[in-house]
Amino acid sequence: MHLLLALAHADPAPAEEVVVRQEEPPSSAADRTLDRQDIVAMPGRSADDLLRATRGLHQSAHSGHGKAFQYFLRGFDAVHGADIAVGLEGVPLNEPSNVHGHGYLDLHFLPRDLLLGAVFRPGVTRAEVGDFGVAGSGELSLGMATEGLQAQVGGGTDRSGSIAVGFRPEGRGTGTFGWFDAEGGQGVGESRQWTQVRAAVGLDGTVGSTDLRAFVLAYRGDFASPGVLLEDDVQSGERRFYDAYPNSGGGRSSRVLGAVRADTRFAGWTGRATLWAGWRGLELRQDFTGAYDFPDTGDATLQTQDGVSGGLTTRLDRAITPAIGVSAGLDGRIDVLTQREAGIDEAGEVWDPRIDTDVSERTAGVWASVPMRPASWVGLEAGARVQQFSIGLDRTLDAGLGTGKARANAPVFAPRGIVRVLPDGPVTVFVGGGRGFRSPEARGVEDGRAPVSVSSGGEVSAVLHAVDAFELRGGAFGTWISNEIVFDHASARFLTTGSTRRLGGYGGITVRPVDVVQVDLDVTATDGRYTAGLEPIPYAPRVLVVGQLTTDALVTGPLVWTAGIRSWWLGQRPLPGGFASHAAFVTDLTARATVRRWMLDLDIDNVFATRWRDGEFFYASDWDPTDAPVSALPRRHFTAGAPFALRASIGWRI
Amino acid sequence: MTRLVRLVPLLLAGCSGTGTWTVTAWGEEYIEEGIPAEVFADGCSATFTTFDVVVTEAALVDGDGTEAAGIGTPVTLSLVEPGPQALATLEARATHYDEARFRIAPDGSGSSVRVAGTLTCGADAVDFDWAFATDTVYHCEPEDLTLPAGGSDATELTVHGDHLFYDGLSNDDAEVRGLAWIDADANADGTLTQAELAAVPVAPLGYQVGPYAEVTDLEAFVAHLTQSVGHVDGEGHCGVDL
Amino acid sequence: MVLLLLACVDGRDPVVLPTTFTGSPASFALDSGTVTLERAELVAADLRLEAPPVVAWFPSLVASARAHPGHEFAGSVRGELLGEWSLDLVGGDQVLGAGQGWEGDVATARFDAHGLILVGTWSGPDGDVPFDIALDVDRSIVGIDALLTLDASRPDGLALGVDLPHALGFVEWDDTDGDGTLTEADGTLANTVVFGITSSTTWALAPASETP
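Some points on the overall build of chain B
Consideration 1: Per the secondary structure count, chain B includes 5 helices and 15 strands.
Consideration 2: If you line up chain B on its principal axes, its C-alpha atoms span 80 × 35 × 35 Å.
Consideration 3: The buried share among the 242 residues of chain B stands at 50%.

Side note on the overall build of chain A
Consideration 1: Along the backbone of chain A there are 2 helices and 39 strands.
Consideration 2: Taking 654 residues into account, the globule formula puts the C-alpha radius of gyration at 26 Å, and chain A, at 24 Å, falls close to it.
Consideration 3: Its C-alpha atoms put chain A at 75 × 60 × 45 Å along the principal axes.
Consideration 4: When the 654 residues of chain A are sorted by exposure, 54% land in the buried category.
Consideration 5: By sequence separation, contacts in chain A at least 24 residues apart represent 63% of the contacts at least 6 residues apart.

Description of the environment of Gly202(A)
Residues and elements named next belong to chain A.
Consideration 1: Relative to the elements of secondary structure, Gly-202 occurs in strand S14 (residues 194-207).
Consideration 2: On the neighbour-count criterion, Gly-202 (24 C-beta atoms within 10 Å) is buried.
Consideration 3: In the structure, Gly-202 is positioned 27 residues away from Gly-175 in sequence and 5.5 Å away in space, judged by C-alpha atoms.
Consideration 4: For Gly-202, the contacting residues outside a window of four places in its chain are Gly-143, Gly-175, Thr-176, Phe-177, Arg-213, Ala-214 and Phe-215.

Quick look at the sheet that holds strand S16 (residues 229-230) of chain A
Residues and elements named next belong to chain A.
Consideration 1: Within the open sheet, the 3 strands sit side by side as S16-S38-S37. Their pairing is antiparallel. Where the open sheet ends on each side, the last strands, each with one partner, are S16 and strand S37 (613-619).
Consideration 2: As paired elements, S37 and strand S38 (residues 635-640) share 6 bridges and run antiparallel to each other. Across the sheet, residue Gly-615 finds its bridge partner in S38, namely Thr-639.

Comments concerning the interface of chain A and chain C
Consideration 1: Counting residues at the interface gives 31 residues for chain A and 25 residues for chain C.
Consideration 2: Elements with a minimum of two residues in the side of chain A that touches chain C: strand S28 (493-496), strand S30 (517-530) and strand S34 (579-580) of chain A.
Consideration 3: Ranked by the residues each element gives to the side of chain A that touches chain C, the list is headed by S30(A), at 4 residues.
Consideration 4: Residues belonging to the side of chain A that touches chain C are distributed by class as follows: 17 nonpolar, 10 polar and 4 charged.

Let's talk about helix H5 (residues 218-225) of chain B
What sets the pattern is the α-helix's 3.6 residues per turn: residues three or four places apart point alike.
Consideration 1: Most of H5(B) is tucked away: 7 of the 8 residues are buried.
Consideration 2: If you check which residues of H5(B) are buried, you get Leu218(B), Glu219(B), Phe221(B), Val222(B), Ala223(B), His224(B) and Leu225(B).

So, helix H3 (residues 189-198) of chain C
Residues and elements named next belong to chain C.
Consideration 1: Among the 10 residues that make up H3, 10 are buried, leaving the element largely enclosed by the rest of the structure.
Consideration 2: Along H3, the residues classified as buried are Leu-189, Ala-190, Asn-191, Thr-192, Val-193, Val-194, Phe-195, Gly-196, Ile-197 and Thr-198.
Consideration 3: Elements in contact with the buried residues of H3: strand S3 (33-50), strand S7 (104-124), strand S8 (127-150) and helix H2 (164-167).

A closer look at the pairing of strand S13 (residues 177-185) of chain A
Residue and element names in this part refer to chain A.
Consideration 1: Covered by surrounding structure in S13 are Phe-177, Trp-179, Asp-181, Glu-183 and Gly-185 only, the residues Gly-178, Phe-180, Ala-182 and Gly-184 on the alternate face being uncovered.
Consideration 2: Pairing analysis gives 8 bridges linking strand S12 (residues 160-168) to S13, with the strands arranged antiparallel. Note that in S13 the partner of Gly-166 across the bridge is Trp-179.
Consideration 3: One ladder, built from 9 bridges, connects S13 with S14; its direction is antiparallel. From the neighbouring strand, Gly-185 faces S14, where its bridge partner is Trp-194.

Section: the pairing of strand S35 (residues 584-595) of chain A
Residue and element names in this part refer to chain A.
Consideration 1: Sheet analysis places strand S32 (residues 559-570) next to S35, joined by 11 bridges and oriented antiparallel. Within the sheet, the bridge partner assigned to Trp-569 lies in S35 and is Phe-585.
Consideration 2: In this structure, S35 lies alongside strand S36 (residues 598-605), joined through 7 bridges in antiparallel fashion. Each residue of the ladder has a partner; that of Thr-594, found in S36, is Met-599.

Observations concerning the sheet that holds strand S1 (residues 18-26) of chain B
Backbone hydrogen bonds are what pair the strands of a sheet, in a parallel or an antiparallel way.
All names here are of chain B.
Consideration 1: Here we have 4 strands laid out as an open sheet, ordered S5-S1-S12-S14, and mixed in their pairing. The open sheet has two free edges, formed respectively by strand S5 (85-93) and strand S14 (230-232), since each of these has just one partner strand. Shown here is a sheet whose adjacent strand axes are inclined to one another by a mean of 25 degrees, direction ignored.
Consideration 2: Of the strand pairs in this sheet, strand S12 (residues 152-159) and S14 are connected by 3 bridges, and their pairing is antiparallel. Its bridge partner lying in S14, Val-159 is registered against Gly-230.

Here's the deal with the nonpolar core
Residue and element names in this part refer to chain B.
Consideration 1: Counting 126 residues, the largest nonpolar core has Val-55, Leu-60 and Val-202 as the members making the most contacts within it.
Consideration 2: Considering each element in turn, this core owes the most residues, 10 residues, to strand S2 (residues 45-61).
Consideration 3: Every residue in contact with Leu-60, bar those within four places of it in the chain, is listed here: Trp-21, Ala-68, Ala-69, Leu-90, Ala-92, Tyr-97 and Ala-100.

Definitions and limits used
- Residues numbered from 1 in each chain as written.
- Chains lettered and ligands numbered in written order.
- Predicted model: local features only at pLDDT ≥ 70, side-chain atom pairs only at ≥ 80, totals over all residues.
- Helix = DSSP H or I, 4+ residues; strand = E, 2+ residues; numbered from the N terminus.
- Buried ≥ 20, exposed ≤ 12 C-beta atoms within 10 Å, placed from the backbone.
- Rg over C-alpha atoms; globule rule 2.2 N^0.38 Å.
- Contact = placed C-beta atoms within 7 Å.
- Pairing = 2+ DSSP bridges.
- Nonpolar A, V, L, I, M, F, W, Y, C, P; charged D, E, K, R; others polar.
- Axes fitted to C-alpha atoms, helices over the stretch in contact; angles between N-to-C directions.
- Core = buried A, V, L, I, M, F, W, Y, C linked by C-beta atoms within 7 Å.

So far we have only geometry, and geometry alone does not tell us how the molecule works.
In structure tokens, the structure reads:
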């Protein structure tokens, strides 16, 4: 089902193999598939940045380099991943009931150089998408593109340095590799230092008609976080744009993830099973309000989580007749977590323990989909997923909820379907729809009660791709949630914020004026509102425009260039309380020049050195260490967007 | 296979079925047995022989403010009877709710809250038997109210009898006191009438009314306190429309 | 559509709130007599304007009082003037300073009340009795009527006023200790003065342009 093609370039350098999956047909005009070359040409420093390739997705870093981003997609504020389901080779990466946020999606543990491909699908119309598939989903593939030994060393104006060593034996598939990389830096401004160390090994091979592969990824990251700054303090000159308040926070993130996968064929079926297990450690320190709530100790909190997870993902596919097929899967996972939260003082000592909870979550899902091609001009996929959640917790301490044990089960049923009109024609029209869902967050579960968030969405879109050099796409989508359920950490309870609807549209164009140059422009506009009062959904972007120019193996003399420059413009966003954010325009650049066995990489964050505000928030805070009266007026706080930074590295391949 | 067939409607119901909401009301030990002296800042104690509330509305409200289920006719509850009283059993869409709305208001009989009993402070005691026609909507936030499809969840309207004796309407340092009531028995006949209460200005008592400046006599003060007795599931707080 | 979506996000602009305080007449009649004040001062601090108690984007949070003392749900703070002032309750216009706020509706105001001094003469049916009252009120005065709209395009100030006849209308002027001077130690005088001075209707906050 997955084919591996080696595309030899005309240059004498060792070829990067490009994995081209025998792609499943797209679900809508917004789907996006990236291969290794696309990933190389996509600006950004980490695997997380790659998610920006999702059409309509904006992500925000409101803490240090090492904490999960905050994601926004199609009118959803997915917080740290609550509404976007992302997997790696069949392993679900979102962390249910993470102490910092449900569905916490932290890709820092993935070496970006080991990402071979990605598929990002806004909207949820495919039966296989599981928990957290509400606004969209993505799947990443892992492997080392080049054979031989590869070593890289670099540094940057952000006072950073990095080394990486990778090895893939001659003649072995992309799944066999050994990898180590380490990076660290001070960053631009205050309280932005970080270190990250990653190691990975992979093995692949074939036994009879079964392809086997296994991999283990290990990661440790330590980071400081600049937190927020008061706009007034920056305007008055009290603080500089990239400053930080004392004790602004930081964290430590560790993860080990291993998986074994088998792909096999028998009696006309193709089957895949992925068995995975992992350990996760997370420690986050943060203070976004200074000493507003606790003048004597400060408001800083410490969150820790320690957990093991494991699961199985399986799927079977078969063509029953040339016009009808069947796909089905069974998956499940178990998570056993211990999480704590406490107030800490300036020395980092715990003074107010608030949460100490053991969580055990079990979930199992089964899905089936029937792809049909009743006529040459139309293709259908009708499917559904059924999922059962079973969540148990033992609260040793929970300031909001008391102590004791609780267990609850919650089922959910999610029908989904896609119609493709003229799937092979110059214009393809997609009509899709279905239910998405998000599991209940464990901490709010009461005995026998666990609310599942369920969304219903639909989309109509079309792609015009009459010639290879030109593609025009566009569509309209809507998502309705009859009862939006959020877990409010402040009050430690589930809240319903009423029914919401998100209506939007998108349009895009791709032009390849010459073979090695591609220009993409995408616009996504979403109007998300609470249906009762038509108040806009706070934080969610309303207009996002993204333009990207990439070159793919452009040859100039002895140099072979793969490069990308990407700009995005984010319109003002509504904030709670009737406030609004600033618009932002940011441009990033990446370039890789290859000369024989040498590689020169250049990355520039924020090419035009604009001082942009990544996250903006209105609330009362107290950062003044004096005894001056404390303002209760909501004031604008912001997290500074990535500053200008240039990083270069040189690599060598044998 | 049979199991699977049974499971399918259950799972379907998981998104669109109905569940049962069971509503009860309870006056706890304070109303059933009395309020002991240690609760009072001035050493008084109280017992109730009558504590009736007229619930004209008990509704389950979704996040849009739409009523998902509610009682059709008013129910008068005698809270001195032991144990939680059944108020209603209602069917509603299976989902999560975070507001249970109760209205305690006069029905045909003219009163919404009727209390009778005895307040004792040392050697002094007064009997009281009062009726109030206050109209209060309680917007209560049960800790986690989820009706599962085919299942049920319960909410208790908990009535706090000690609130009638608070010495403040909005200050968080309000205390339970009784001596002012004893002193209000102007004719010292051992029975404190509402007319006697109405003759007592609040200002000299050191009681605080906060933003409720229209409350100037003790009868109005107690009437206002009858609008603070509603809670949910024990100590869960409710917002009120006065 | 894109322009329409952007047009919907207008946010709130900051407003500056020059604030003055105006006292009451120094002499006024009550039902049972006349009060003549020689000195009337209240130490007040931190004036805050509160929006109507509606959390519009979060409709599940109930926007009203709580059924429990101490759990009043006021709206979010829409404006404030921090500081401490000695308000001359019988003086003319007194500039308190320039507060800060955000555009939008205001429903109520609050401030903290501390030391209160009232010196003057009570002229009742039994003749004139001097009073000299010093109290530490030490309470927040909440729920002050302040129905106004802050608009950055129409800058305006705030005028805080006091209605002393209302505040002192609750007082029982009994010289219970018979020392010839009414003080906070006399009968219920302390309670009734505090009750009146903390009564929300003793105070009013209005746009400066609408205050004569």
